[in-house]
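# A look at the structure
Chain by chain, the residues run as shown.
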Amino acid sequence: MYHKWIWAIFYIMLISTITYIVASFSEAAKTNDFLSEREDVFMSDNRTLIQATVIANNHNSTDAYVSSEPLYQETFDHEYFHVQVSIYSLVEFKDDRAHKSVAILLKDIEITDSNAVYDDNDYHMIKASLTFNKNLSLGESNTNVFIEPMTTLYDDTARLMIINQDLLTSNGEPVEFEVIKFTYAIDLEFDETLVMLYNKDLTAQYGSDKFDESFNRDISNASSRNLNLLEQCELNNFKTCNSIYYNETLLNEFLSYNYYYLRYIGIEVLILIPITYFLFFHKYVRKMIKDKKQSNN
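Model, not experiment: these values are computed from the prediction. (Residues numbered from 1 in each chain as written. Predicted model: local features only at pLDDT ≥ 70, side-chain atom pairs only at ≥ 80, totals over all residues. Heavy atoms only, no water.)

### Some points on the overall build of the protein
Of the regular secondary structure elements, the protein holds seven helices and 13 strands. Split into buried and exposed, the 297 residues of the protein put 42% on the buried side. For the protein, long-range pairs separated by at least 24 residues make up 61% of all intrachain contacts whose partners lie at least 6 apart in sequence. Summed over all atoms, the accessible surface of the protein reaches about 17200 Å², with 53% contributed by carbon and sulfur. (Helix = DSSP H or I, 4+ residues; strand = E, 2+ residues; numbered from the N terminus. Buried < 20%, exposed > 50% of the residue type's maximum accessible area, 1.4 Å probe, protein only. Contact = heavy atoms within 4.5 Å. Areas by Shrake-Rupley, 256 points an atom, 1.4 Å probe, with all protein chains shown as cover.)

Written as structure tokens, this is what we have:
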């Protein structure tokens, strides 16, 4: 009897693990299809793209409103390189809880460099190097320079980074972006600078990138004050605030994919019911049928 209970507990744990995996797969499929089936719509409007990405990545009914205009935007063009860089402020919210964020978006990326290396998906390995005017304490790090890979959107031509602005504080005071540098890998140890932006109020331009001096690299407008969209548009009146863009249909469209859970967990149940029956009940049912026949005789 003891061994039977051990086996039953192990089986329940196994089923729980399988259900968790199936639910995670359902969530991934739901997110992927929501984004992929609307690729043309999302890629045609930066603000819709950012809002949809926030909704899909949080997958917990978190919504977002985005600044109606970018705080910084420039399209860089060269014979061998091309990229549009945009910076938007946004607020991520669920019910009455909200936090400020900043979205850094790269679109129309073209890199023609025979020395560039690629990841397993044959995409360029693009990172953002963020330099702030003060040190930040994040986790075990206390520094003013952070280098992070950017998230690929659909294909190799677009990248996005969303940063929780509430984390960008030093001793309770907001910090400012001093330099933002975008790089691509040319081998496993070295990166090449694609574009370097700087806040002219905090530092002089230094270093070089792939484009000439005619392009606007000044990100001083993307200050902590201008990034504070929650201060400009309160949560209870964001739908009527002229400073923001908000598509009220996106969250409901994402939630309409919740039937994926029923689909995949339903398949799991259909598979597990006969397995569970034969493992735990079949021999007892056979015994009951046999005993009933014998009693009738």
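That covers the picture; the talk isn't over yet.
### Some words on the packing of aromatic side chains
This model, assessed by the stated rule, comprises ten aromatic pairs. A ring pair is formed by Phe34 and Phe254, whose centres lie 5.1 Å apart and whose planes are at 70°; its orientation type is edge-to-face. One end of the pair, Phe34, is in helix 1 (residues 2-36); the other, Phe254, is in helix 6 (residues 250-255), with 220 residues separating them in the sequence. (Phe/Tyr/Trp six-rings, centres within 6.5 Å; stacked < 30°, edge-to-face > 60°.)

### Overview of helix 3 (residues 46-58)
Its 13 residues give helix 3 an end-to-end C-alpha distance of 18 Å, which sits within 8% of 18 Å, the value for a rise of 1.5 Å per residue. Counting buried positions along helix 3 yields ten of 13 residues, so the element is predominantly enclosed. Within helix 3, the full set of buried residues consists of Asn46, Thr48, Leu49, Ile50, Gln51, Ala52, Thr53, Val54, Ile55 and Ala56. You can read the cap of helix 3 off the contacts: a side-chain oxygen lies 2.9 Å from the backbone nitrogen of Arg47, and it is on Asp45. Just past helix 3, the residue His59 takes up positive phi, approximately 35°. (Expected span 1.5 Å × (residues − 1). Polar contact = N/O pair within 3.5 Å; in protein donor to acceptor, adjacent residues only side chain to side chain.)

### A word on the pattern of salt bridges
One pass over the structure, following the stated rule, counts eight salt bridges. The closest approach of N and O atoms between Glu192 and Lys210, which form a salt bridge, is 2.8 Å. In this pair, Glu192 sits in strand 12 (residues 191-198) while Lys210 sits in the loop between strand 12 and helix 4 (224-227), placing the two residues 18 residues apart along the sequence. On the accessibility criterion, Glu192 (27% relative accessible area) is partly exposed. (Salt bridge = Lys/Arg side-chain N within 4 Å of Asp/Glu carboxyl O.)

### Thoughts on the nonpolar core
Counting residues in each nonpolar core, the largest one holds 36 residues, and the members touching the most others are Phe177 and Phe182. Other than its neighbours up to four places away in sequence, Phe177 contacts Val102, Leu130, Thr131, Phe132, Ile163, Leu168, Asn199, Leu202, Ile219, Ala222 and Leu227. In this structure, Ile50, Ala56, Leu250 and Phe254 belong to the second largest nonpolar core, which totals 22 residues. (Core = buried A, V, L, I, M, F, W, Y, C linked by side-chain atoms within 4.5 Å.)

### Remarks on unusual backbone geometry
The phi torsion at His59 lies on the positive side, around 35°, for a residue other than glycine. Looking at the element boundaries, His59 is found in the loop between helix 3 and strand 1 (63-67). Exposure remark for His59: the relative accessible area of 40% places this residue in the partly exposed category. Positive phi is not limited to glycine here, since Asp95 has a value of about 60°. As for its placement among the helices and strands, Asp95 is situated in the loop between strand 3 (81-94) and strand 4 (97-111).

### Focus on the sheet that holds strand 5 (residues 126-138)
Within a sheet, adjacent strands bond to each other through the backbone by hydrogen bonds, running parallel or antiparallel. Ordered in space as 6-5-11-12, the four strands form an open sheet in which the pairing is antiparallel. Pairing within the sheet leaves two strands with one partner each, and these edge strands are strand 6 (141-149) and strand 12. Going from strand to strand, the sheet's axes swing by 25° on average, the running direction of each strand aside. As defined by bridge partners, strand 5 adjoins strand 11 (residues 177-185) across seven bridges and the pair is classed as antiparallel. (Pairing = 2+ DSSP bridges. Axes fitted to C-alpha atoms, helices over the stretch in contact; angles between N-to-C directions.)

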